[in-house]
Amino acid sequence: MASRIEKSFWNRASRWSRPASLKLDLFYLGWGRRFYGKQPRISMPHPTWRYYLVKKGHPTFMESQRGLVLNAGELLIAHPDSATGWTDQTKAACEIFVWMWETPPRCPECRPKEGACLRLMMDPSSLQEIENVHAACRKEVIVPDHLSPEAVESLRLRLDVAIARSLHAPSRTSSSALQLQLAVGWMQNNLSVVSCVPLICDYLQISSGRLYRLFLEHTGRSPLLYFRQLKMKLAQEMLGKGRKSVKEVAFSLGYRFPNDF
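Residues numbered from 1 in each chain as written. Predicted model: local features only at pLDDT ≥ 70, side-chain atom pairs only at ≥ 80, totals over all residues. Heavy atoms only, no water.

On to a nonpolar patch on the surface, then. Taken together, the side chains of Leu178, Leu182 and Tyr203 define a hydrophobic patch exposed on the protein surface, amounting to about 280 Å² of accessible area. In this fold, tyrosine 203 is placed in helix α5 (residues 197–204). According to the relative accessible area criterion, tyrosine 203 is partly exposed, its value standing at 44%. (Patch = residues over 30% accessible without salt bridge, like charges linked within 9 Å, V, L, I, M, F, W, Y side chains within 5 Å. Areas by Shrake-Rupley, 256 points an atom, 1.4 Å probe, with all protein chains shown as cover. Salt bridge = Lys/Arg side-chain N within 4 Å of Asp/Glu carboxyl O. Helix = DSSP H or I, 4+ residues; strand = E, 2+ residues; numbered from the N terminus. Buried < 20%, exposed > 50% of the residue type's maximum accessible area, 1.4 Å probe, protein only.)

Pasting the structure below:
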């Protein structure tokens, strides 16, 4: 039964408007292909916070008589007091996701100035998360129930968090430095391990080649050499205290035979 309802729902026009009987913060959903060149959309200020995510194409977003050509991956959030519209090249098509909410974004970073719009470029991971949220919103409104307001609110928060996190996404350099920090921390906590590379790669979910490049870039040493030097540093400290023999230190650092140490 549910599959028949869902199939019927998606065969309709690619939009959903909230019925008067439904108490949701979500007012409108839109998705799919649009031909704004043939059918321009000019709208007056609307008492909702509007989110537009461009999936494909290069539509032109009209804001106060100013045209902004957008690319795939860009997202716009419009304040209720802003007058906006869409146009495009005559034969061009675009794909776009739309939300309209009655209340402001949950994260301050997502709130445009009064009467204005906020233009943002989403990173790939945030873009996928935002598309997933739109799909989840569509499924939720197919057959709403008494828990739909809470479900939609959780999706709204998930949407705004994804957008806000995209604004603070780490650069490639900082991300690389973080991976190195995690790898070194893993080594320091696992000095009794014999073969560290496959375990660290699994821990960080990266390839062995990526791990080698990471260490060479930041330390000038291979991960194996770096790991071995950490072992030797700890061994010197343990032997310096005079509480353990060479054999005991070797075994504690994962060596099967003292001569290997």
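Within the secondary structure layout, leucine 26 lies in strand β2 (residues 26–30). Taking the C-alpha atoms as reference, leucine 26 lies 8.6 Å from arginine 156; in sequence the two are 130 residues apart. Not counting chain neighbours up to four residues away, the residues in contact with leucine 26 comprise Trp16, Arg18, Trp99, Met100, Trp101, Cys137, Val141 and Val152. (Contact = heavy atoms within 4.5 Å.)

Turning to the sheet that holds strand β9 (residues 84–87), a few remarks are in order. In a beta sheet, neighbouring strands pair by backbone hydrogen bonds and run either parallel or antiparallel. Strands sit in the order β4-β9-β6-β7 across an open sheet of 4 strands; the sheet is antiparallel. Because the sheet does not close on itself, it has two edges, and the strands there are β4 (41–43) and β7 (66–69). The average undirected angle you get between the axes of adjacent strands in this sheet is 20°. Pairing between β4 and β9: 3 bridges, direction antiparallel. In the strand pairing of β9, serine 43 is matched with threonine 84. (Pairing = 2+ DSSP bridges. Axes fitted to C-alpha atoms, helices over the stretch in contact; angles between N-to-C directions.)

Another aspect to go through is the packing of aromatic side chains. Going through the model one piece at a time under the given rule, you end up with 6 aromatic pairs. Relative to tryptophan 99, the ring of tyrosine 51 has its centre 6.3 Å away and its plane inclined at 70°; by these criteria the two rings are edge-to-face. In this pair, tyrosine 51 is assigned in strand β5 (residues 49–56) and tryptophan 99 in strand β10 (residues 94–101), connecting sequence segments 48 residues apart. Judged by its relative accessible area of 0%, tryptophan 99 is buried. For the ring pair phenylalanine 215 and tyrosine 226, a centre distance of 5.4 Å and an interplane angle of 65° mean the geometry is edge-to-face. Of this pair, phenylalanine 215 sits in helix α6 (residues 208–219) while tyrosine 226 sits in helix α7 (residues 223–241); the two residues are 11 residues apart in sequence, bridging distant segments of the chain. Tyrosine 226 matches phenylalanine 215 in its accessibility class, with the two residues each being buried. Aromatic ring contacts, followed pair by pair, group Tyr36, Tyr52, Phe61 and Trp86 into a single cluster. Across the ring face of phenylalanine 35, the terminal group of lysine 38 is positioned such that the distance to the ring centre comes to 5.7 Å. A cation over an aromatic ring shows up here: arginine 138 above the ring of tryptophan 31, its NZ or CZ 5.3 Å from the ring centre. (Phe/Tyr/Trp six-rings, centres within 6.5 Å; stacked < 30°, edge-to-face > 60°. Lys NZ or Arg CZ within 6 Å of the ring centre and 35° of its normal.)

In this section: the pairing of β5. In terms of burial, β5 is a largely internal element, 6 of the 8 residues being buried. Strand direction decides the pairing type here: β5 and β10, joined by 7 bridges, are antiparallel. Its bridge partner lying in β10, tyrosine 52 is registered against valine 98.

Here we take up the pattern of salt bridges. Applying the stated rule across the entire model yields 9 salt bridges. Among the salt bridges present, the one from aspartate 25 reaches arginine 156, with a minimum N-O distance of 3.0 Å. Taken as a pair, aspartate 25 in the loop between β1 (15–17) and β2 and arginine 156 in helix α3 (residues 148–167) lie far apart in primary sequence, 131 residues in all. Arginine 156 gets classed as buried once you look at its relative accessible area, which sits at 0%. A cluster of three or more residues bridged by salt bridges with shared partners is formed by Asp25, Arg106, Glu153, Arg156 and Asp160.

Running from amino to carboxyl end, helix α2 (residues 124–142) crosses α3 at an angle of 165°, the nearest separation of the two axes being 9 Å. What the angle tells us is that α2 and α3 run roughly antiparallel. Seen from above, α2 lies across α3 with left-handed handedness. Residues Ser126, Glu129, Ile130, Asn132, Val133, Ala136, Cys137 and Glu140 of α2 touch α3, and the partners they reach there are Ser148, Ala151, Val152, Leu155, Arg158, Leu159, Ala162, Ile163 and Ser166. Among the residues making up the contact of α2 with α3, the classes are represented as 10 nonpolar, 4 polar and 3 charged. (Parallel < 35°, antiparallel > 145°, perpendicular 65-115°, else oblique. Left-handed = near helix turned anticlockwise from the far one by under 90°. Nonpolar A, V, L, I, M, F, W, Y, C, P; charged D, E, K, R; others polar.)

Positive phi outside glycine occurs at glutamine 205, with the angle close to 60°. With respect to the helices, strands and loops of the structure, glutamine 205 is situated in the loop between α5 and α6. On the basis of relative accessibility, which here comes to 63%, the residue glutamine 205 falls in the exposed class.

Attention now goes to the nonpolar core. Among soluble globular proteins, nonpolar side chains are generally buried collectively. Core analysis: the largest hydrophobic core is formed by 29 residues, its most contacted members being Leu26, Trp99, Ile130 and Ile163. In terms of residue count, the dominant contributor to this core is α3 (6 residues). Once residues lying within four places of it in the same chain are set aside, the contact partners of isoleucine 163 are Tyr51, Leu75, Ile77, Cys110, Leu120, Met122 and Ile130. Judged by nonpolar contacts, the second largest core, of 19 residues, contains Ala183, Trp186, Phe215 and Phe227. (Core = buried A, V, L, I, M, F, W, Y, C linked by side-chain atoms within 4.5 Å.)

Function-wise, these values are silent; they only describe arrangement.
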